[in-house]
Amino acid sequence: MTNALIKIDHVQKQFGKNEVLKDINGTVQKGEVICIIGPSGSGKSTLLRCINQLEQPTAGAVWFAGSDLTKANQQELAKLGESIGMVFQNFNLFPNLTVLDNLTLAPMRVKHLSAADAKQVGMKYLTRVGLAEKANAYPASLSGGQQQRVAIARALSMNPEVMLFDEPTSALDPEMVGEVLQVMQELADEDMTMIVVTHEMGFAKRVADEVWFMDGGYLLEKNTPQALFEHPQEERTQAFINKIIVD
C-alpha cells in the first residue's frame, strides 16, 4: 500500500454481462482534486459509486485510509462511510424536511450529536455555502443551484475526509452552475480531497490536480489538466477533447 488516501486497485464492475468498469487503477492523495471526464456511459459514475461502496466491485479492491472497503463488514463500512461525503446529480434532499433538518439528520443519527450541536454544525455549513437565511425553508422552495449547495453543506456537516461529486451541475440551469462551482472551487482551495465526475471542462482545467479520462469502461489517460487538454496521448482522448470547448 502507498500512503494514498484512496487507492483503486484493478477494479472491475459487471451488471449481468455488461462490463461497465474494466481493470481501473488509480490513487488519490490527501488534498488532491481529481476530475473524471469522458463521454456518457463510460463508467464514471459507477466508479464513483464503487469508491463509496454504493456498488460492490465485481473484482479488485478499493482502499481508503489503509482499509480495503471491499473486505469491510457493515459496521466498518458505516464508520468509513462517515469519512466519504457524496453529492449527487439530483440533490437527493429530503423534501419533507427543512433545509436545516436535512443537515442535522445524519450527524444526530450517525455521529450521535445532540440536537443543539447538530444545529450548530448545520448552520456553520449553511453559512459556508451562503444559505444561512434558508435554514427553515423546504427544498421545493429553493432553486436548483441552492438545493445543490444545501446538498454540499449536508455532506460537509459529517466532516468528511474526501468529497465525491457525481456530475453536480448537470441537472442545473446554466445560470445556476457558477454558484455551485464557486463553492467547489473554495473547497479545493481549502485542500479538501475531492473526486469530481464532471462535464464542466473549464472547472476541470482550473481546479484539478489531475484529470482522468474514461471511455468504454477503461481509464484511458491520467495527467495534469494542461497536459491532458493540450497534449492528449490517447486517440480517444484527442477525439473527445476536439468535440468540446475548453475555457
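Cut-offs applied
Residues numbered from 1 in each chain as written. Predicted model: local features only at pLDDT ≥ 70, side-chain atom pairs only at ≥ 80, totals over all residues. Heavy atoms only, no water. Phe/Tyr/Trp six-rings, centres within 6.5 Å; stacked < 30°, edge-to-face > 60°. Helix = DSSP H or I, 4+ residues; strand = E, 2+ residues; numbered from the N terminus. Buried < 20%, exposed > 50% of the residue type's maximum accessible area, 1.4 Å probe, protein only. Lys NZ or Arg CZ within 6 Å of the ring centre and 35° of its normal. Pairing = 2+ DSSP bridges. Axes fitted to C-alpha atoms, helices over the stretch in contact; angles between N-to-C directions. Contact = heavy atoms within 4.5 Å. 1 Å grid on protein atoms, 1.4 Å probe; cavity = no way out; pocket = protein on both sides within 12 Å on 5 of 7 lines; lining within 4 Å. Points joined across faces, edges and corners; volume = space filled by probe spheres on them. Nonpolar A, V, L, I, M, F, W, Y, C, P; charged D, E, K, R; others polar.

Colleague: Please clarify how the packing of aromatic side chains should be interpreted in this entry.
Modeller: Any aromatic ring pair is given by two values, namely how distant the centres are and how the planes are angled relative to each other. Tallying each qualifying case throughout the model produces one aromatic pair. Each ring, one from Phe213 and one from Phe240, has its centre 5.3 Å from the other, and the planes form 45°; the classification is tilted. A residue pair is termed long-range when its members are at least 10 positions apart, and Phe213 in strand 9 (residues 210–215) and Phe240 in helix 9 (residues 235–242) qualify at 27 residues. Neither Phe213 nor Phe240 differs from the other in exposure class; each is buried. Just above the ring of Phe15 sits the side chain of Lys13; from NZ or CZ to the centre is 5.0 Å. Positioned above the aromatic ring of Trp212 is the side chain of Lys222, whose terminal nitrogen or guanidinium carbon lies 5.6 Å from the ring centre.

Colleague: Help me understand the sheet that holds strand 8 (residues 193–197) in this model?
Modeller: Working definition: the strands of a sheet are paired by backbone hydrogen bonds and lie parallel or antiparallel to each other. In spatial order, the strands read 6-7-8-3-9-10; together these six strands make up an open sheet with mixed pairing. At either end of the open sheet lies a strand with only one pairing partner, and these are strand 6 (84–87) and strand 10 (218–223). Across this sheet, the average inter-strand angle for adjacent strands is 15°, counted without regard to direction. The sheet contact formed by strand 6 and strand 7 (residues 162–166) spans four bridges and is parallel. Residue pairing across strands places Gly85 opposite Met163, the latter belonging to strand 7. Across the face of the sheet, helix 5 (residues 144–156) comes into contact with strand 6 and strand 7 while running at roughly 170° to strand 6.

Colleague: Before we go on, may I ask you to explain the layout of surface pockets in this structure?
Modeller: The probe, sized like a water molecule, is rolled over the atoms to show the empty space still left. Considered as a void within the structure, the largest pocket measures approximately 740 Å³ in volume. In terms of lining residues, the largest pocket is bounded by 25 residues, among which Gly81, Ile84, Gly85, Met86 and Met158 are the most central. For the lining of the largest pocket, the secondary-structure elements that each account for two or more residues are helix 2 (74–81), strand 6, helix 3 (99–109) and helix 5. With five residues, the single largest contributor to the lining of the largest pocket is helix 3. Here the residues of the lining of the largest pocket are counted per class, giving 17 nonpolar, six polar and two charged.

Colleague: What's the story with the sheet that holds strand 4 (residues 59–64) in this structure? I'm lost.
Modeller: Taking strand neighbours across the sheet as the criterion, the four strands line up as 2-1-4-5 in an open arrangement whose pairing is antiparallel. Each edge of the sheet is formed by a strand with only one pairing partner; in this case those strands are strand 2 (18–28) and strand 5 (67–68). Across five bridges, the pairing between strand 1 (residues 6–15) and strand 4 is antiparallel. When the sheet's bridge partners are listed, Ile6 is paired in strand 4 with Phe64. Against the sheet, helix 1 (residues 44–51) engages strand 1, strand 2 and strand 4, with an angle of about 120° to strand 1.

In short, shape yes, function no, at least from these values alone.
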